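Chain residues, written in single-letter form:
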Amino acid sequence: MNGLSNPAREITIPLPKLVEATFLERKNRFVGLVEVAGQRYPAHVPSSGRMKELLFPGNTVYVTPMPRDMRTRYRIHLAHYGETLVSVDSLLPNRLMQKVLVNGALEQFSGYQEIKKEVGYGESRFDLYLKGDTGRCLMEIKSVTLVDEGIAKFPDAPSERGAKHLLELARAVGEGFRAAVIFVVQRDDAVLFSPNHATGPHFAQSLHLAAAAGVEVYALACEITRSAVRLKDYLPVQL
């Protein structure tokens with residue numbers, strides 16, 4: 001596969017001004033406790049992933065204040081993995097990919113004049129629906145934060161919903177749609193993507209079946225800074 005084009009690399013999702021904090025503990029899937037300037041505050045975790053290698057006591061995270069009427073005082077955006085910055089916002093890849101596609105910056109998906117979010121098909125809703133002269137395409141976007149010895153892996157927790165989406169995409173291909181799943185790795189230290197067979201065997205099996213049925217599978221690494229997130233390049237996919 002050719003490298004990522006410069007136009008795609010130039011499109012960014014700007015981050016708000018971030019405050020350095022120390023992560024203390026995970027209260028539940030969406031709430032953690034952080035320390036900012038010596039004070040403890042509840043903070044929104046914008047992902048249901050486990051992220052145990054990122055959100056652990058003592059790790060440095062970057063947060064922004066929330067409105068005073070919210071139950072959490074801060075929102076976590078980034079976390080350190082050693083010297084590597086990782087975006088923990090599971091919705092950011094959707095915004096990034098939509099922006100890239102609207103600008104026609106991803107060669108494989110140029111030529112679609114209509115792009116819609118959250119479109120239903122079968123019993124599922126998919127992140128993006130593309131329509132143009134070449135036909136219709138359903139796209140699912142997955143946020144990846146886990147990298148193990150250079151291998152980006154998804155999911156980091158069992159994902160039956162994700163497996164169902166893959167099988168629905170395979171069915172859509174059989175009904176004349178183009179379909180794709182894009183794994184957006186929100187860090188820059190991966191050299192390869194592979195489904196997480198150990199943690200999500202059903203998802204991994206479903207990805208195999210979907211790919212065999214014609215669903216396109218891509219992985220994209222990101223460049224993360226304290227000011228913005230942008231796509232960096234394609235990663236090889238090993239199913």
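Preceding this paragraph is the structure being described.
What comes next concerns the included structure. For clarity, every value in this text was computed on a predicted model and none was experimentally measured.

**A look at the side chain of arginine 187**
Inspection of the secondary structure puts arginine 187 in the loop between strand 13 (178-185) and strand 14 (192-195). For arginine 187, the side chain forms a polar contact with the side chain of aspartate 189, separated by 2.7 Å. If we ignore the near neighbours within four places in the chain, the residues touching arginine 187 are Leu54, Tyr81, Thr84, Leu85, Val86, Thr145, Leu146, Val147, Ala221, Cys222 and Ile224.

**Thoughts on the state of the cysteines**
With the rule as written, the count across this model stands at 0 disulfides. Here cysteine 137 stays unpaired: no disulfide links it, and the sulfur of cysteine 222, its closest cysteine neighbor, is 19 Å away. Among the residues examined, cysteine 222 registers a relative accessible area of 0% and is labelled buried.

**Here we look at the sheet that holds strand 14**
Spatially, 11-12-14 is the arrangement adopted by the 3 strands of the open sheet, whose pairing is mixed. Bordering the open sheet on either side are strand 11 (146-148) and strand 14, each of which pairs with just one other strand. In this sheet, neighbouring strand axes are inclined to one another by 35° on average, regardless of whether the strands run parallel or antiparallel. Where strand 12 (residues 151-154) lies against strand 14, 4 bridges are found, and the strand directions are parallel. Bridge pairing in strand 14 links isoleucine 151 to leucine 192.

**Observations concerning the packing of aromatic side chains**
Summed over all chains, the structure comprises 8 aromatic pairs. Relative to phenylalanine 203, the ring of phenylalanine 154 has its centre 5.1 Å away and its plane inclined at 65°; by these criteria the two rings are edge-to-face. Separated by 49 residues along the polypeptide, phenylalanine 154 in strand 12 and phenylalanine 203 in helix 4 (residues 201-212) bring together distant segments of the chain. We classify phenylalanine 154 as buried; its relative accessible area is 12%.

**A look at the side chain of lysine 142**
Examined against the element boundaries, lysine 142 turns out to sit in strand 10 (residues 135-144). Take lysine 142: its relative accessible area is 7%, and that puts it in the buried class. Reaching out from lysine 142, the side chain makes a polar contact with the side chain of glutamate 140 at a distance of 3.2 Å.

**A few points about the pairing of strand 3 (residues 31-36)**
Most of strand 3 sits out of view: 5 of its 6 residues are buried. In this antiparallel pair of consecutive strands, strand 2 (residues 19-28) and strand 3, the connection spans 2 residues. The pairing of strand 3 with strand 4 (residues 39-44) spans 6 bridges and is antiparallel. Looking at the pairing, leucine 33 lines up with proline 42 of strand 4. Here strand 3 folds back onto strand 4 in antiparallel fashion, the turn holding 2 residues, of which alanine 37 has a positive phi close to 50°.

**Quick word on the pattern of salt bridges**
Under the criterion given, the structure shown has 14 salt bridges. Where lysine 164 meets glutamate 123, a salt bridge forms, and the shortest distance between an N and an O atom there is 3.8 Å. In this pair, lysine 164 is assigned in helix 3 (residues 160-174) and glutamate 123 in the loop between strand 8 (112-121) and strand 9 (124-132), connecting sequence segments 41 residues apart. Judged by its relative accessible area of 35%, lysine 164 is partly exposed. Glutamate 175 serves as the salt-bridge partner of arginine 171, at 3.3 Å between the closest nitrogen and oxygen. What makes arginine 171 partly exposed here is its relative accessible area of 39%. The exposure class of glutamate 175 is partly exposed, given its relative accessible area of 44%. The network of salt bridges with shared partners includes Arg75, Asp89 and Arg95.

**Considerations on the sheet that holds strand 9**
Pairing is mixed in the open sheet, where 7 strands are placed in the order 1-16-15-13-10-9-8. What marks the edges here is a single partner per strand, and that holds for strand 1 (12-14) and strand 8. Between one strand and the next, the sheet's axes are offset by a mean angle of 30°, whatever the strand orientation. On top of the sheet, helix 4 reaches strand 10, strand 13 and strand 15 (216-224); it is set at about 135° to strand 13, its chief contact.

Scoring rules and cut-offs
Residues numbered from 1 in each chain as written. Predicted model: local features only at pLDDT ≥ 70, side-chain atom pairs only at ≥ 80, totals over all residues. Heavy atoms only, no water. Helix = DSSP H or I, 4+ residues; strand = E, 2+ residues; numbered from the N terminus. Polar contact = N/O pair within 3.5 Å; in protein donor to acceptor, adjacent residues only side chain to side chain. Contact = heavy atoms within 4.5 Å. Disulfide = S-S within 2.5 Å. Buried < 20%, exposed > 50% of the residue type's maximum accessible area, 1.4 Å probe, protein only. Pairing = 2+ DSSP bridges. Axes fitted to C-alpha atoms, helices over the stretch in contact; angles between N-to-C directions. Phe/Tyr/Trp six-rings, centres within 6.5 Å; stacked < 30°, edge-to-face > 60°. Salt bridge = Lys/Arg side-chain N within 4 Å of Asp/Glu carboxyl O.

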